Amino acid sequence: MRYRSVCLEAFGYTLPDEVVTSAEIEAQLAPLYQRLRLPEGRLELMSGIQERRFFAPGTRPGDISIKSAHRAIAASGIDPKLFGAIVHGSVCRDFLEPATACHVHEQLQLPNECVIYDVSNACLGILNGIIQIANMIELGQIRAGVVVGTECGRELVENTIKMLNEDRSLTRDSIKNSMASLTIGSASVAVVLCDEQLSRTNNRITHGIVHCDTRHHNLCQSRGLKTVMDTDSETLMRRGIDVGVETFNRLLGATGWEIEDIDKTFCHQVGQQHRKLLLNSLGLRPSIDYTTLPTLGNTGAAALP
């Protein structure tokens, strides 16, 4: 995908006030740690996450997304009447139906002609939304659009802690598939895109690359109505990096860039080992990478913007 008239115009974000450290989570896991004789500090050492944030219990993602989208639209300076699409792209949403985007759209008082829908695609949802709105702008269907999403990680972390403490059958080996759930944090972001005539920044999106390998879709899954997650972290990291390398090479081919041309990178915020291995596999310098992982944890689809 190549874009000639799309600009990434503004961001908006909302972070929770409540900070929860990895040490505090381990304190809540005292029954498990004592039974399996696990060393304290293990969670931060393995993940590189010192702390993460949570919204208040019962927070609806859409209510926070409204704040973030409003901030992004205000920062863009674009008349709300010119917006033609709103996409809600986080894993978390208010309900199965209708789309959370409906609630956000109504509260923002955007035009009734807006295209509105949710995108659910794990940590790629907001990035997918950016590409979809960029496509609409490039085709001349709309002049501006906003992608927004809010990840609320509290329930997943608290359910995981409860399960780990109560399931007496767990061993040091069998808890591994639950550890990734303890890295999750909460955050909300919104991104405004527009055509070049509306833009005041000229921050252009020039290319988009899509490449997937769905053979490994079962390595990280959340099943049922109760929020829990099962993740084969080691295999997921390696298979994901394999796809990342192929995708990155395709990006270099499409853009004509050399690695030395890249001034800044934004690695997916999973964990320190993933970041180190991915950047090394791509031949990129860690010094040019921007990371939020140590203080925000893994905020899913909200992490990239």
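Higher on the page you've got the structure.
Everything numeric in this text was worked out from a predicted model, so none of it was measured.

Calculation criteria
- Residues numbered from 1 in each chain as written.
- Predicted model: local features only at pLDDT ≥ 70, side-chain atom pairs only at ≥ 80, totals over all residues.
- Heavy atoms only, no water.
- Helix = DSSP H or I, 4+ residues; strand = E, 2+ residues; numbered from the N terminus.
- Rg over C-alpha atoms; globule rule 2.2 N^0.38 Å.
- Buried < 20%, exposed > 50% of the residue type's maximum accessible area, 1.4 Å probe, protein only.
- Salt bridge = Lys/Arg side-chain N within 4 Å of Asp/Glu carboxyl O.
- Phe/Tyr/Trp six-rings, centres within 6.5 Å; stacked < 30°, edge-to-face > 60°.
- Expected span 1.5 Å × (residues − 1).
- Contact = heavy atoms within 4.5 Å.
- 1 Å grid on protein atoms, 1.4 Å probe; cavity = no way out; pocket = protein on both sides within 12 Å on 5 of 7 lines; lining within 4 Å.
- Points joined across faces, edges and corners; volume = space filled by probe spheres on them.
- Nonpolar A, V, L, I, M, F, W, Y, C, P; charged D, E, K, R; others polar.
- Axes fitted to C-alpha atoms, helices over the stretch in contact; angles between N-to-C directions.
- Parallel < 35°, antiparallel > 145°, perpendicular 65-115°, else oblique.
- Left-handed = near helix turned anticlockwise from the far one by under 90°.

*Asks:* Describe in detail the overall build of the protein chain, supporting the description with residues and values.
*Replies:* For the protein chain, the count of helices and strands is 11 helices and nine strands. The C-alpha radius of gyration of the protein chain comes to 20 Å, within 12% of the 19 Å expected for a compact globule of 305 residues. Dimensions of the protein chain, computed from C-alpha atoms along their principal axes, come out at roughly 65 × 45 × 30 Å. Within the span of the protein chain, comprising 305 residues, buried residues form 45% of the whole.

*Asks:* Quick one: what's the story with the pattern of salt bridges, residue by residue and with numbers?
*Replies:* Opposite charge on two side chains permits them to pair, given that their charged atoms come into close proximity. Scanning the entire structure with this criterion turns up 11 salt bridges. The closest approach of N and O atoms between Glu-166 and Lys-162, which form a salt bridge, is 3.1 Å. Within this pair, Glu-166 and its partner Lys-162 are both found in helix 7 (residues 154-166), separated by four residues, close to a single helical turn. Across the pair Glu-196 and Arg-204 runs a salt bridge whose closest N-O atoms are separated by 2.8 Å. If you follow the salt bridges from partner to partner, you end up with Glu-18, Arg-154 and Glu-158 in one network.

*Asks:* I'd like a rundown of the packing of aromatic side chains, residues and numbers included.
*Replies:* Scanning the entire structure with this criterion turns up one aromatic pair. With centroids separated by 6.0 Å and ring planes inclined at 50°, the aromatic side chains of Phe-266 and Tyr-290 adopt a geometry described as tilted. Taken as a pair, Phe-266 in the loop between helix 9 (233-255) and helix 10 (272-282) and Tyr-290 in the loop between helix 10 and helix 11 (293-296) lie far apart in primary sequence, 24 residues in all.

*Asks:* Describe helix 7, with residues and values.
*Replies:* Each α-helix turn comprises 3.6 residues. Residues three or four places apart therefore point the same way. An ideal rise of 1.5 Å per residue puts 18 Å on 13 residues; helix 7 measures up with 18 Å between its terminal C-alpha atoms. Within the sequence span of helix 7, burial applies to Arg-154, Leu-156, Val-157, Asn-159, Thr-160, Ile-161, Leu-164 and Asn-165. For helix 7, the secondary structure elements touched by its buried residues are strand 2 (18-21), helix 1 (22-28), helix 2 (30-36), strand 3 (51-54) and helix 8 (176-179).

*Asks:* Account for the layout of surface pockets, naming residues and giving values.
*Replies:* It is the rolling of a water-molecule-sized probe over the atoms that shows where space remains empty. Within this model, the second largest pocket holds a volume of roughly 340 Å³. Lining the second largest pocket we find 18 residues, and of these Val-189, Thr-292, Leu-296, Ala-303 and Pro-305 sit closest to its centre. Elements with a minimum of two residues in the lining of the second largest pocket: strand 1 (6-14) and strand 7 (187-195). Of the residues contributing to the lining of the second largest pocket, the split by class is 13 nonpolar, five polar and no charged.

*Asks:* Before we move on, can you summarise unusual backbone geometry with the specific residues and values?
*Replies:* Along the chain, Glu-97 connects to Pro-98 via a cis peptide bond; the corresponding omega equals -5°. Within the secondary structure, Pro-98 is located in the loop between strand 4 (83-88) and helix 5 (100-108). One non-glycine residue with positive phi stands out, namely Asn-202, at about 60°. Along the chain, Asn-202 falls in the loop between strand 7 and strand 8 (220-221).

*Asks:* So what about the packing of helix 4 (residues 61-76) against helix 5? Which residues, and what values?
*Replies:* The contact between helix 4 and helix 5 brings their axes to 9 Å, and the two run at 50°. By the angle between their axes, helix 4 is oblique relative to helix 5. For the pair helix 4 and helix 5, the crossing hand works out as right-handed. Contacts between helix 4 and helix 5 involve Gly-62, Asp-63, Ser-65, Ile-66, Ala-69, His-70 and Ile-73 on the former and, on the latter, Thr-100, His-103, Val-104, Gln-107 and Leu-108. Across the contact of helix 4 with helix 5, the residue classes break down as five nonpolar, six polar and one charged.

*Asks:* Run through the side chain of Ser-22, naming residues and quoting values.
*Replies:* Within the element layout of this structure, Ser-22 appears in helix 1. Residue Ser-22 is classed as buried on the basis of its relative accessible area, which comes to 1%. If we ignore the near neighbours within four places in the chain, the residues touching Ser-22 are Leu-43, Glu-44, Ile-49, Gln-50, Glu-51 and Arg-52.

So, to be careful, I would describe these as geometric facts and stop short of saying anything about function.
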